[in-house]
Structures are given as structure tokens and as C-alpha cells.
Amino acid sequence: MLEDFINFYHKDLENLIDTYIDEDIGPGDLTSVFSLYPTSEGTAQLLVRQECTVAGIEMTKLLLSRYDSKLELQTYYKDGDYIEQNKILLEIKGSAQSILSIERLLLNCIGRMTGIATATNDLVNKISATDCKILDTRKTTPGFRLFEKWAVLIGGGENHRMGLYDVILLKDNHIDFAGGISKALKKLSASLESFPSKKVVIIEARDLAEVREILKFNIADRILLDNFPINLIPKAIDLINGRVQVEVSGNINKDNILEYAIPGVKYISVGAITHSVSVIDLSLLKTPLES
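First, a word on scope: everything that follows refers to the structure included in this document. Note that the structure is predicted; figures quoted are calculated from it, not measured.

Rules behind the numbers
Residues numbered from 1 in each chain as written. Predicted model: local features only at pLDDT ≥ 70, side-chain atom pairs only at ≥ 80, totals over all residues. Heavy atoms only, no water. 1 Å grid on protein atoms, 1.4 Å probe; cavity = no way out; pocket = protein on both sides within 12 Å on 5 of 7 lines; lining within 4 Å. Points joined across faces, edges and corners; volume = space filled by probe spheres on them. Nonpolar A, V, L, I, M, F, W, Y, C, P; charged D, E, K, R; others polar. Helix = DSSP H or I, 4+ residues; strand = E, 2+ residues; numbered from the N terminus. Buried < 20%, exposed > 50% of the residue type's maximum accessible area, 1.4 Å probe, protein only. Lys, Arg positive; Asp, Glu negative; His and termini not counted. Salt bridge = Lys/Arg side-chain N within 4 Å of Asp/Glu carboxyl O. Polar contact = N/O pair within 3.5 Å; in protein donor to acceptor, adjacent residues only side chain to side chain. Contact = heavy atoms within 4.5 Å. Phe/Tyr/Trp six-rings, centres within 6.5 Å; stacked < 30°, edge-to-face > 60°. Pairing = 2+ DSSP bridges. Axes fitted to C-alpha atoms, helices over the stretch in contact; angles between N-to-C directions. Parallel < 35°, antiparallel > 145°, perpendicular 65-115°, else oblique. Left-handed = near helix turned anticlockwise from the far one by under 90°.

**Quick look at empty space enclosed by the protein**
- Inspection of the entire model under this criterion finds one cavity of 30 Å³ or more.
- Approximately 40 Å³ is the volume attributed to the largest cavity.
- For the largest cavity, the full set of lining residues is Ile 214, Leu 215, Asn 218, Ile 219, Ala 220, Ile 223, Arg 243 and Val 244.
- In the lining of the largest cavity, the residues fall into six nonpolar, one polar and one charged.

Given below as C-alpha cells:
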């Protein structure tokens, strides 16, 4: 799954990295250029100051290839590995100007990706004895979504839709704007009949009555029980009776996730693994060499 993600989005990831380089470095890093000779070289080690699940090794390779392919990278862990506090994750050797220019961008990307992978992996481990899978959401950082969803995969989770264009997800606001669940489902059903290709259809239900109505139309691949009263989830599962997949979401965290990871629930989507994650504390320790 990880390899498929990287291969499919490789060009997009490269283009995004180019954008990040342009945003932070632009036409050049004035401080490094003005204070260091072009021939100055050095070695920098990336220190991880807290235990975590590593994410960003393959991203680092992309970053170096886009900015300065002459920089040498030595890695001591791979994406998805557990790393203890105060361990060296990787080492970069080469142009001191280049190392200092990419320092902050590198730390920002690895810190956030590793934070997401760690939070995801914590939840994955919590429900490892069940058949449920952890999904991300669209609650991501604008411009950094691909890397955040990449980190979710590294942490052992799975990706929900990438955007509004690849999956049909009929939510409560669509239903309310349409004038109710029946009207929304009728319009959606008619639209699907005339659409040339098959799309995954996920429909949100707020109560058991909406679950019943969704099942009447036989167009859903999955029913999303979002902010559904937890005591009613088993009843909804009984109604669905395996006809479609079941996803649950809404205020789910590591303290209560096992209450939702019950038989019949296939997916648990958690927005917090991307929108509320803590960035991992990292430092780039520099060892200058002779010019």
C-alpha cells in the first residue's frame, strides 16, 4: 500500500516539495550564502528527542534529490520503525550551505509526519485485536495533505478519500440542503444512473430511521455512523446486517476507541490524527568539516 501510494503520487510529491523549497528558500538562503564559503562542508545528524513511529525517511530522499542531489544521506531507521528517545534518525553530509538551507523544511516535514504516524500507530495498536481499520479524514493542513495521508499509511492506518473528487460522501449538510434524507437519496440515485463510471458511495446516517432509508435505495457501499449514539451502533449494525460496510466517526480517541471497535464496524475515521497531532521534537546537530 505504501509503495503504491508513493508510485501513484510521486510526481505530485515532487511538485509539492518544489513549492515548499520555493516558499522557504526562494532565490537563495541569504544568511548561509553570506556567512559560509561555497566550499564549506559538514555533517548533520537528526536527533529525535522523544520516542515515536518514524515517518519522513522517503520524503527526505525526495527533498534532497530536489534541492541538492550531491548531499549524502545515511539513514539508521526506515519509515514505520519505532525509535527511542534521543536516538539519531539520519545523517546528512555535504555542502554546509545546502544543509542549513533545508534544515527547517526538513524538520517541519519529518516532525509533522512522524507525529501523525505516531498518533495513528497508537490507535492501530489499541484495536489490533479487532477487525477494524483506522481511517484519516479531509481535516488536513492545506498544501500538506499528501504528506499527512502518507504518514497515516506509515503509521498503519488507511486513507479515506483524497478529496471531494474521488469518492461520493453524502453528509448531513448535503441531506439538509436537499430537504431531507429521502430527497437527497432520490437525487443521488438518479445521478448515479447517468454517471459513466462506478464511484464509491458513502452515506452518513444520524439515526436509525436514516439507516433504514439508506438501505431502501441500495446505492451505498458504506454507511457512516457519524456522532451516532454509541448505544445505538449495535442496533444499526443489526439493521445493516452485512449488506454494506460500516464506518463510525465523531469524537473518537485512544481512551474510547475500543467501545467503537465492535464486530460489524469495518472502519473508524479519526480527524484528530491529522488536525490535532503534536509535532515530534527534533534537532539537527551540525558537525562542520574543513573547507
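Now that the structure has been shown, the text picks up again.
**Description of the side chain of Asp 79**
- Within the secondary structure, Asp 79 sits in the loop between strand S3 (72-75) and strand S4 (82-83).
- Buried and without a salt bridge, Asp 79 has Lys 61 as its closest oppositely charged side chain, separated by 7.5 Å.
- A polar contact is formed between the side chain of Asp 79 and the backbone nitrogen of Ile 57, at a distance of 2.8 Å.
- At 3.2 Å, the side chain of Asp 79 forms a polar contact with the backbone nitrogen of Glu 58.
- Leaving out residues up to four positions away in the same chain, Asp 79 has contacts with Val 54, Ala 55, Gly 56, Ile 57, Glu 58 and Ile 154.

**A few points about the packing of aromatic side chains**
- Summed over all chains, the structure comprises seven aromatic pairs.
- Measuring from ring centre to ring centre gives 4.8 Å for Phe 8 and Tyr 9, while their planes differ by 85°; the resulting arrangement is edge-to-face.
- An aromatic cluster is defined as three or more aromatic residues linked by ring pairs; in this entry it consists of Phe 5, Phe 8, Tyr 9, Tyr 20, Phe 144, Phe 147 and Trp 150.

**Considering the sheet that holds strand S8 (residues 201-205)**
- The six strands are arranged S6-S11-S10-S9-S8-S7 in an open sheet whose pairing can be described as parallel. Strands with a single pairing partner mark the edges of an open sheet, and in this sheet they are strand S6 (133-135) and strand S7 (168-170). Here the average twist between neighbouring strands, direction ignored, is 25°.
- Its contacts with the sheet place helix H7 (residues 181-194) against S7 and S8, and it is angled at close to 165° to S7.
- Where helix H8 (residues 208-217) meets the sheet, its contacts fall on S8 and strand S9 (222-226), and the angle it forms with S8 comes to roughly 155°.

**Looking at the packing of helix H3 (residues 57-67) against helix H4 (residues 96-126)**
- As a packed pair, H3 and H4 sit with axes 11 Å apart at the nearest point and diverge in direction by 155°. The pairing of H3 with H4 is recorded here as roughly antiparallel in orientation. In the packing of H3 onto H4, the handedness of the crossing is right-handed. Contacts from Met 59, Thr 60, Leu 63, Leu 64 and Tyr 67 in H3 reach Ser 98, Ser 101, Ile 102, Leu 105, Leu 106, Cys 109, Ile 110 and Met 113 in H4.
- Looking at the contact of H3 with H4 residue by residue, the class counts come to ten nonpolar, three polar and no charged.

Remember that the coordinates give geometry; whether it matters functionally is a separate question.
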